[in-house]
Amino acid sequence: MSVDATTHDATADRTIAARLRTVRRRIEAACDRAGRRASAVVLIGVTKTHPPSVARTLVTAGVGDLGEARVGELLAKAPHVPDARWHLVGRLQSRKARDVIGEAVLVHSVDRHSLIDELSRRAESAGVVQRILVQVNVGDDPAKGGCEVDGTLDLVAYARSRPNLAVEGLMTMPPLPPDDADPVEAARPHFALLRRLRDEARERWPEVTHLSMGMSADLEAAVEEGATMVRVGTALVGPRRPHAWEPGRSGSGAVARPEGDPR
Ligand SMILES: *Cc1c(COP(=O)(O)O)cnc(C)c1O
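This is a predicted model, so every value here is computed, not measured.

Visitor: Explain the overall build of the protein to me, using residue names and the numbers behind them.
Guide: Across its full length, the protein holds 9 helices and 8 strands. Taken over C-alpha atoms, the radius of gyration comes to 18 Å for the protein, in line with the 18 Å a tight globule of 263 residues would show. Once the C-alpha set of the protein is aligned to its principal axes, its extents read approximately 55 × 45 × 30 Å. About 12,400 Å² of surface is accessible on the protein, with carbon and sulfur atoms providing 50% of the total. When the 37 basic and 36 acidic side-chain charges of the protein are each reduced to a single mean position, those positions are 4 Å apart.

In structure tokens form, the structure reads like this:
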């Protein structure tokens, strides 16, 4: 029995709706400061570790784009959340490339030649064009995925040469800021660098337009520096749970409650 398919938790819905208003206001305020239109920024709700009920709440509240960090969790959740557009935002192993084709509207984490080879091969045999972003490790952080800054344009060119891949932009995850730093200002130069790389790429290839950057802690800097997609998890859905969600796992709906839930 799937608890998630049936549980409707009105308190959790209200909590998420309130958080969503706050996140939208943050995006709008950053757009105002930068002279941008809020409609130019797509909000991707990252639901990793949270059950499908949470994902459905976001869709109902108007967040039609959802992100997952793992292929397995994306595939497990997607059937429970009709109407969502799923983005794969986390690292992708080549052996899982096949699973993501046609399931994710956009793969944000393409960062090496071998993955491009595998994705294009799988997209070709499925007869689809897979939309992708090239992930860049702007902070040269060994803990983060992404290609080297200097290799970005070559990797974009390599992916563009594949008929079954459409390269639509760049993505990054900046390094974790030091404890005493302001996360917004710590991230800003990394976002500015990704934007310069995107501008360079777009000069050659006009379809390379998107900038996927900015998360819960630093979205202001990302939007001010030109993000067209922000990937927001905890600020929308609360703290991460200890495990990836999977069907049948306890804590998938009725058992686990949001922290601070008074019931
Ligand atoms: C988890 C995750 C996010 C969201 O992070 P928050 O800090 O919870 O907003 C964004 N991008 C990627 C790649 C992630 O894995």
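Visitor: Please set out the nonpolar core residue by residue, giving values where relevant.
Guide: Ranked by internal contacts, the top residues of the largest apolar core, which has 63 residues, are Ile27, Leu43, Leu66, Leu119 and Val230. Aside from chain neighbours lying at most four places away, what touches leucine 119 is Leu92, Ala97, Val100, Ile101, Val110, Ile132 and Leu165. If you look at the next biggest cluster of nonpolar residues, it comprises 5 residues, including Leu106, Leu133, Met171 and Met229.

Visitor: I'd love a proper account of the site of the ligand, names of residues and values included.
Guide: Around the ligand, the neighbouring residues are Val46, Lys48, Ala69, Val89, Met173, Met215, Ser216, Arg231, Val232, Gly233, Thr234 and Arg240. Taking lysine 48, its side chain carries an N or O atom lying 2.6 Å from an oxygen atom of the ligand. Residue glycine 233 places a main-chain N or O atom 2.8 Å away from an oxygen atom belonging to the ligand. Relative to its unbound accessible surface of 390 Å², the ligand loses 92% to contact with the protein. Broken down by class, the residue content of the shell around the ligand amounts to 6 nonpolar, 3 polar and 3 charged.

Visitor: Describe in detail the pairing of strand E6 (residues 165-171), supporting the description with residues and values.
Guide: Most of E6 sits out of view: 6 of its 7 residues are buried. The pairing of strand E5 (residues 130-135) with E6 spans 6 bridges and is classified as parallel. What sits directly across from valine 134, in E6, is leucine 170. Regarding topology, helix H6 (residues 152-160) serves as the crossover connection from E5 to the parallel E6, and that connection is right-handed. Handedness of the crossover joining E6 and strand E7 (residues 210-212) through helix H7 (residues 183-204) is recorded here as right-handed.

Visitor: Help me get a handle on the side chain of arginine 188, residues and values and all.
Guide: With respect to the helices, strands and loops of the structure, arginine 188 is situated in helix H7. Given the relative accessible area of 18%, arginine 188 is considered buried. Reaching out from arginine 188, the side chain makes a polar contact with the side chain of glutamate 225 at a distance of 3.1 Å. The residues touching arginine 188, leaving out its near neighbours within four places in the chain, are Ala221, Glu224 and Glu225.

Visitor: Which residues make up the environment of leucine 119, and what values go with them?
Guide: Summarising the element assignment, leucine 119 is placed in helix H5 (residues 113-126). Remark: the alpha-carbon pair of leucine 119 and serine 94, spanning 25 residues in sequence, is separated by 7.7 Å.

Visitor: Quick one: what's the story with the pairing of strand E8 (residues 229-232), residue by residue and with numbers?
Guide: Residue alternation in E8 divides its side chains into two sets, Met229 and Arg231 and Val230 and Val232, and both sets are buried. As paired strands, strand E1 (residues 42-46) and E8 are joined by 4 bridges and run parallel to one another. Its bridge partner being in E8, leucine 43 is matched across the sheet by valine 230.

Visitor: Can you lay out the side chain of arginine 231 for me, pointing to particular residues and giving the numbers?
Guide: Among the structural elements, arginine 231 can be located in strand E8. Of note is the side chain of arginine 231, whose polar atom sits 3.1 Å from the backbone oxygen of threonine 172. Here serine 212 takes part through its side chain, which lies 2.9 Å from a polar atom of the side chain of arginine 231. Those residues within four positions of arginine 231 in sequence are excluded, and the remaining contacts are Ile44, Val46, Val89, His108, Met171, Thr172, Met173, Ser212, Met213, Gly214, Met215 and Ser216.

Visitor: I'd like a description of unusual backbone geometry, backed by residues and values.
Guide: The backbone phi angle of threonine 49 is positive, close to 75 degrees, even though this residue is not glycine. Mapping threonine 49 onto the fold places it in the loop between E1 and helix H2 (52-60). Not every positive phi belongs to a glycine, and aspartate 140 is a case in point at roughly 50 degrees. Note that aspartate 140 resides in the loop between E5 and H6.

Procedures and definitions
Residues numbered from 1 in each chain as written. Predicted model: local features only at pLDDT ≥ 70, side-chain atom pairs only at ≥ 80, totals over all residues. Heavy atoms only, no water. Helix = DSSP H or I, 4+ residues; strand = E, 2+ residues; numbered from the N terminus. Rg over C-alpha atoms; globule rule 2.2 N^0.38 Å. Areas by Shrake-Rupley, 256 points an atom, 1.4 Å probe, with all protein chains shown as cover. Lys, Arg positive; Asp, Glu negative; His and termini not counted. Charge placed at Lys NZ, Arg CZ, Asp CG, Glu CD. Core = buried A, V, L, I, M, F, W, Y, C linked by side-chain atoms within 4.5 Å. Buried < 20%, exposed > 50% of the residue type's maximum accessible area, 1.4 Å probe, protein only. Contact = heavy atoms within 4.5 Å. Near = heavy atom within 4 Å. Polar contact = N/O pair within 3.5 Å; in protein donor to acceptor, adjacent residues only side chain to side chain. Nonpolar A, V, L, I, M, F, W, Y, C, P; charged D, E, K, R; others polar. Pairing = 2+ DSSP bridges. Right-handed = clockwise from strand over helix to strand, strands pointing away.

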